[in-house]
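# Chains, contacts and geometry: an overview
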Amino acid sequence: MDYLESLNPQQQQAVVAGTGPVLVLAGPGSGKTRVLTHRIAYLVGGLGVHPYHIVAVTFTNKAAREMEARLQNLLGEQQRGLTVGTFHAVCGRILRREAEHLPFDSNYVIFDADDQLRIVKQVLQELDLDEKRYRPQSVHASISRAKNDLIFVDDFPVQTYRDEVVKRVYTRYQQILLASNALDFDDMLLWTVLLMEDQPAVRERYARRFEHLLVDEFQDTNVAQYALLRHLSSFHRNIFVVGDVDQSIYRWRGADYRNVLRFEQDFPDAQVILLEQNYRSTQNILDTAMAVIDRNPHRTPKKLFTRRGRGQKIVVRELYDDREMASYVVHRIAEDVATGAAQPGDFAVMYRTNAQSRLLEEAFLAAGLPYKLVGAQRFYGRREIRDLIAYLRLVHNPRDEVSLTRVINVPRRGIGNKTLLTLQELARSLGVSPGGLLLRWGGGETPPIGEALSARAAASLLSFGEMLAAWHQAKDALPPLELMDRILADTRYREYLDDGTEEGQERWDNVMELRRLAGEYHDRGLVDFLEDVALISDQDTYDEDANVPTLLTLHAAKGLEFPVVFIVGLNDGTLPHFRSFDDEEAMQEERRLLYVGITRAKDRLYLLYALNKSTYGYPEPAEPSRYLDDIPPELVEGARSTVTRKQDLSPRRTAPVRLEAQFRPGMRVRHPHWGEGMVLNSTVDADDEVVDVFFEDVGLKRLVASLARLTVLR
DNA sequence: ATAAAGTGACTTTTT
DNA sequence: GTCACTTTAT
């Protein structure tokens with residue numbers, strides 16, 4: 001088999017690069033996944049490396065699955081034994097196997113973002129700290145950042161009083177995790193690195209095993225991940241990383257693109273290979289992307305080029321507000337589909353924040369067009385889904401106090417706050433976890449209740465304990481699906497949800513969806529089910545086979561491509577996001593985010609901004625994104641004479657009728673964005689006034705008077 | 001103990 | 001406008 005077939009010279013060079021460190025700097029659409037998979041195929045099929053000795057690490061399950069699928073095509077059964085997975089999944093496997101060296105056992109559960117926040121809140125309450133002064137999110141972010149930087153509790157530096165508070169919360173937070181036999185996302189990396197450092201023999205075993213280490217999206221690694229890679233490659237030094245600093249968009253999660261520079265320092269003998277040829281987009285799209293990203297300082301400029309030709313110009317368009325924007329998108333899609341110019345699945349709509357999806361969804365719904373939204377939170381964040389996962393987690397690991405607290409009174413079974421508190425105290429006095437106590441109680445042991453509990457409360461607890469004990473006993477014999485069915489039946493969960501409303505039905509449908517998912521784990525079992533559910537990412541929910549338009553955040557778009565891309569809400573404050581305004585590094589990342597979005601487009605690109613945006617309900621005038629100014633007009637369709645006009649797409653909204661012209665040729669006017677200009681012409685339309693204005697700075701514009709917020713100057 | 005009604009705070013991005 | 005959390009009434 002020829003592993004170099006259909007690869008360009010740079011790709012080939014990367015695929016057959018000799019042993020030792022290799023750094024591949026790969027622009028968007030340059031075929032980096034091809035390079036990674038062909039490299040592995042070459043190692044196994046060409047050099048005869050056993051797959052057992054190869055590990056490939058990605059950031060999302062989707063990327064891992066895609067790599068596996070492509071390897072299956074290239075290698076067939078020869079690929080068996082390969083380790084391909086996300087950082088967290090690979091660490092998870094190592095931690096379960098090596099649990100004897102660690103302060104938790106191999107049945108540990110993974111606490112997700114919501115659980116983590118709950119614990120922080122609980123701790124803040126315990127320590128009698130004011131949640132207004134110490135916002136749980138922000139305290140948690142500090143803890144997470146420390147962990148990503150490999151700073152353990154004892155080493156947490158204290159310079160301010162706030163640091164001191166965070167350290168106290170961090171300490172207690174960590175105690176609770178361990179008492180619950182639980183890890184958060186950051187712990188998975190942190191404990192693995194700690195394991196490698198504290199147990200040289202273990203490190204040696206893995207370092208010897210992994211002869212070849214391959215890493216995707218290397219620019220998104222954080223300190224902990226980089227440390228882990230160094231440990232795992234410490235014996236063979238065959239570390240092959242692929243990345244693009246211009247696509248680094250996870251700084252807020254601890255990612256540091258400077259790891260790419262660090263790599264070159266730490267491995268001075270590294271081969272560096274540049275992939276610049278783009279196989280995805282037209283040259284106009286690439287030029288747009290470069291115009292945006294070139295403004296970032298301290299970059300090694302890359303020249304993205306394609307053989308696909310210039311293609312169509314990009315569309316930059318102003319819409320009245322977010323609603324009109326959504327409506328415009330839907331109508332454009334409907335039109336292209338109707339004329340046969342494109343298929344529904346060709347389109348993607350991208351935005352900066354999740355909240356922006358709502359109006360888009362409404363517009364699709366109103367038009368009766370199916371669409372798909374990428375985002376796991378949507379599903380896994382739902383109350384009913386979290387409840388059921390909490391039940392399963394509790395059965396799997398009764399020490400999980402977060403889950404116990406969540407479900408002990410759902411559906412209502414007469415166990416209120418007071419009773420729960422008494423249970424917790426009782427458990428503490430006996431030196432067991434509350435879940436453990438209930439389990440034993442339900443299994444026949446009677447705890448020394450004394451006067452602490454009323455007879456009714458005790459009966460409620462006992463009956464819950466009995467259910468828990470029965471499930472716990474059955475869990476090893478039952479596949480996840482059957483266990484879930486049993487829980488649903490015993491708790492009468494459906495009756496609890498079904499309140500006769502549409503919402504109740506929807507919730508039950510969600511439960512059925514989770515049930516379907518559980519069914520896929522018949523052979524792998526509960527542990528894998530719970531782990532996968534905890535580590536699922538938004539990007540993992542992208543379904544390329546659906547042939548419907550895709551709605552997704554710019555972050556979730558990384559690694560994907562679409563024939564037609566709409567980027568909506570290109571307004572200052574949204575992109576760049578206002579929270580980044582006072583942080584230079586963050587602002588550079590906003591720019592990279594737009595760059596990532598633009599480079600997803602193969603053929604057509606729409607950049608849309610609103611004249612008015614609404615910040616939680618209330619509309620206010622908005623500025624176009626500053627990044628739009630960086631795009632050369634010759635790349636933009638009709639750039640010289642933008643018609644600024646409210647789209648007459650929703651018949652419900654009609655502009656106020658105006659009979660007389662307000663503006664006359666020769667008048668001097670001011671526009672909030674375009675500055676001062678002179679009116680050249682004005683005509684009264686059926687329901688509005690259309691004014692042509694020549695602006696000093698931007699030239700001729702056609703404006704609708706009722707929307708353009710023009711003021712007349714003397 | 002629970003349901004209903006009221007409050008305030010908040011939205012980047014997510015393994 | 002939406003959510004989570006708190007207060008209030010039963």
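Right above here is the structure, for reference.
Residues numbered from 1 in each chain as written. Chains lettered and ligands numbered in written order. Predicted model: local features only at pLDDT ≥ 70, side-chain atom pairs only at ≥ 80, totals over all residues. Heavy atoms only, no water.

## Looking at the nonpolar core
Our working definition: Nonpolar cores were defined as sets of buried Ala, Val, Leu, Ile, Met, Phe, Trp, Tyr and Cys residues, with membership established by side-chain atoms within 4.5 Å. Throughout, exposure labels follow a simple rule: accessible area from a 1.4 Å probe, protein chains only, divided by the maximum for the residue type, with under 20% read as buried, over 50% as exposed, and the rest as partly exposed. Whether two residues are in contact is decided by their heavy atoms: any pair within 4.5 Å suffices.
Among the nonpolar cores identified, the biggest contains 50 residues, and Tyr380, Ile408, Leu438, Phe464, Leu514 and Phe529 are the most heavily contacted of them. If we ignore the near neighbours within four places in the chain, the residues touching Leu514 are Phe379, Tyr380, Ile385, Leu388, Ile389, Met484 and Phe529. In terms of nonpolar packing, the next biggest core, distinct from the first, is built from 40 residues, Tyr250, Ile314, Leu593 and Tyr595 among them.

## Thoughts on the pairing of strand β17 (residues 618–621)
Filter applied, for reference: What makes two strands pair is DSSP finding at least two bridges between them. Elements are defined by DSSP. Helices are runs of H or I of four residues or more, strands are runs of E of two residues or more, and each kind is numbered from the N terminus.
Judged from the four bridges that link them, strand β16 (residues 601–615) and β17 form a sheet pairing that is antiparallel. Looking across to β17, one finds that Ser614 is bridged to Pro619. Where β16 folds back onto β17 in an antiparallel hairpin, the turn is made up of two residues, including Tyr616, whose phi is positive at roughly 25 degrees.

## Details of the protein's contact with DNA strand B
Rules: Nearness here has a simple test: a residue counts as near a molecule or strand if at least one of its heavy atoms is within 4 Å of that partner. As used in this structure description, the phrase polar contact means that two N or O atoms lie within 3.5 Å; if the pair is within protein, one of them must be able to donate a hydrogen and the other to accept it, and residues adjacent in sequence are counted only when both atoms belong to side chains. Under the grouping applied here, Gly and all other residues not named as nonpolar or charged are polar, the nonpolar ones being Ala, Val, Leu, Ile, Met, Phe, Trp, Tyr, Cys and Pro and the charged ones Asp, Glu, Lys and Arg.
Contacts to DNA strand B come from 27 residues, most closely from Arg352, Asn354, Arg412, Ser537 and Asp538. If you look at DNA strand B and keep only atoms within 4 Å of the protein, 62% of those are sugar or phosphate atoms. Taking Phe59, its main chain carries an N or O atom lying 3.3 Å from a sugar or linking oxygen of DNA strand B. Contacts to DNA strand B include Arg579, whose side-chain N or O atom sits 3.0 Å from a phosphate oxygen. Its residues assigned to classes, the surface near DNA strand B shows six nonpolar, twelve polar and nine charged.

## Brief notes about the protein's contact with DNA strand C
Inspection of the region around DNA strand C gives Lys121, Arg358 and Tyr616 as its neighbouring residues. Lys121 places a side-chain nitrogen or oxygen 2.8 Å from a phosphate oxygen of DNA strand C.

## Considering the sheet that holds strand β1 (residues 22–26)
Note the following rule: Between N-to-C directions, angles cover 0 to 180 degrees, with each direction set by a line fitted to C-alpha atoms, over the stretch in contact for helices.
If you trace the six strands from one edge of the open sheet to the other, you get β3-β2-β6-β7-β1-β8, paired in parallel fashion. The sheet is open, and its two edges are formed by β3 (83–86) and β8 (271–275), each paired on a single side. Direction aside, the axes of adjacent strands within the sheet are offset by 15 degrees on average. Relative to β8, β1 is paired through five bridges, and the arrangement is parallel. Opposite Leu23, over in β8, you have Val272 as the bridge partner.

## So, the packing of aromatic side chains
Stated precisely, the cut-off is as follows: Two rings from Phe, Tyr or Trp (for Trp, the six-membered ring) form a pair when their centres sit within 6.5 Å of each other. Planes less than 30 degrees apart are called stacked, planes more than 60 degrees apart edge-to-face, and all others tilted. Any Lys NZ or Arg CZ that is within 6 Å of a ring centre and within 35 degrees of that ring's normal is treated as a charge sitting over the ring.
For the structure on display, the rule yields 19 aromatic pairs. Ring centres of Phe218 and Phe263 lie 5.6 Å apart, and the angle between their planes is 70 degrees; on these two criteria the pair is classed as edge-to-face. Of the two residues, Phe218 is situated in the loop between β6 (212–215) and α10 (223–232) and Phe263 in helix α11 (residues 258–266); the sequence distance between them amounts to 45 residues. Residues Phe566 and Tyr606 carry aromatic rings whose centres are separated by 4.4 Å and whose planes lie at 15 degrees to one another, so their mutual orientation is stacked. Placement of the pair is Phe566 in strand β15 (residues 562–567) and Tyr606 in strand β16, with a sequence separation of 40 residues. Pair check on accessibility: Phe566 and Tyr606 agree, each one buried. In this arrangement the basic side chain of Arg96 is found over the ring face of Tyr108, its NZ or CZ atom lying 4.0 Å from the centre.

## Here's the deal with the packing of helix α20 (residues 455–474) against helix α21 (residues 480–490)
Formally: Each angle receives one of four descriptions, namely roughly parallel if under 35 degrees, roughly antiparallel if over 145, roughly perpendicular if within 65 to 115, and oblique otherwise. Left-handed describes a crossing in which the near helix is turned anticlockwise from the far one by less than a right angle; the clockwise case is right-handed.
As a packed pair, α20 and α21 sit with axes 11 Å apart at the nearest point and diverge in direction by 165 degrees. The orientation of α20 relative to α21 falls into the category roughly antiparallel. Relative to α21, the crossing made by α20 is right-handed. In this structure, α20 contributes Met467, Ala470, Trp471 and Ala474 to the contact, and α21 contributes Leu483, Arg486, Ile487 and Asp490.

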